[in-house]
Amino acid sequence: MSNHPVNVLFLCTGNSCRSILGEATFNHLAPAGWQAMSAGSQPTGQVHPRSMALLSREGISTEGYHSKSWDNLQATPDIVITVCASAA
């Protein structure tokens, strides 16, 4: 088995709410060797403040999460999960 992590991408249009929640929650609960990232096809450039408040309330770190484009992924995803109908 490979030693590289399994990269999961949560994809949405704006990367401002659902995909950020998926990324943060997945990373909070993921087993070793699995990591999530999120991106948008048309990122808004900001994360909805209620998303950050929800994560904080649930004890999930909000550090480093920001709205970003699928053109700038830090790794190649092994699995892509779309969280809206108009992501692509």
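Remember, it's a predicted structure, so these values are computed and weren't measured experimentally. (Residues numbered from 1 in each chain as written. Predicted model: local features only at pLDDT ≥ 70, side-chain atom pairs only at ≥ 80, totals over all residues. Heavy atoms only, no water.)

**With respect to helix H1 (residues 18-29)**
Under the 1.5 Å per step criterion, the end-to-end length of H1 is 16 Å for 12 residues, consistent within 8% with the ideal 16 Å. Of all the residues in H1, the buried ones are Ser19, Ile20, Gly22, Glu23 and Ala24. Where H1 is buried, its residues contact strand S1 (6-12), strand S2 (34-40) and helix H2 (49-57). (Helix = DSSP H or I, 4+ residues; strand = E, 2+ residues; numbered from the N terminus. Expected span 1.5 Å × (residues − 1). Buried < 20%, exposed > 50% of the residue type's maximum accessible area, 1.4 Å probe, protein only. Contact = heavy atoms within 4.5 Å.)

**Overview of the side chain of Ser19**
Residue position: Ser19 is located in helix H1. A distance of 2.8 Å separates a polar atom in the side chain of Ser19 from a polar atom in the side chain of Asn15. Not counting residues up to four positions away in its chain, the partners in contact with Ser19 are Phe10, Leu11, Cys12, Ser38, Ala39 and Val83. (Polar contact = N/O pair within 3.5 Å; in protein donor to acceptor, adjacent residues only side chain to side chain.)

**Focus on the pattern of salt bridges**
Should the charged atoms of two oppositely charged side chains come close, the side chains can pair. Considering all chains together, one arrives at one salt bridge under this definition. In this structure, Lys68 and Glu23 form a salt bridge, with 3.6 Å as the shortest nitrogen-oxygen distance. Linking Lys68 in the loop between H2 and strand S3 (79-82) with Glu23 in helix H1, this pair joins segments that are 45 residues apart in sequence. Each member of the pair Lys68 and Glu23 is classed as buried. (Salt bridge = Lys/Arg side-chain N within 4 Å of Asp/Glu carboxyl O.)

**Thoughts on the sheet that holds S3**
Where strands meet in a sheet, backbone hydrogen bonds hold them as pairs that are either parallel or antiparallel. Within the open sheet, the three strands sit side by side as S2-S1-S3. Their pairing is parallel. Strands at the two margins of the open sheet, each flanked by one partner only, are S2 and S3. Direction aside, neighbouring strands of the sheet carry axes that sit 25° apart on average. Relative to S3, S1 runs parallel, the two sharing four bridges. Across the sheet, Phe10 pairs through a bridge with Ile81, a residue of S3. Against the sheet, H1 makes contact with S1 and S2, and its axis sits at roughly 170° relative to S2, the strand it touches most. (Pairing = 2+ DSSP bridges. Axes fitted to C-alpha atoms, helices over the stretch in contact; angles between N-to-C directions.)

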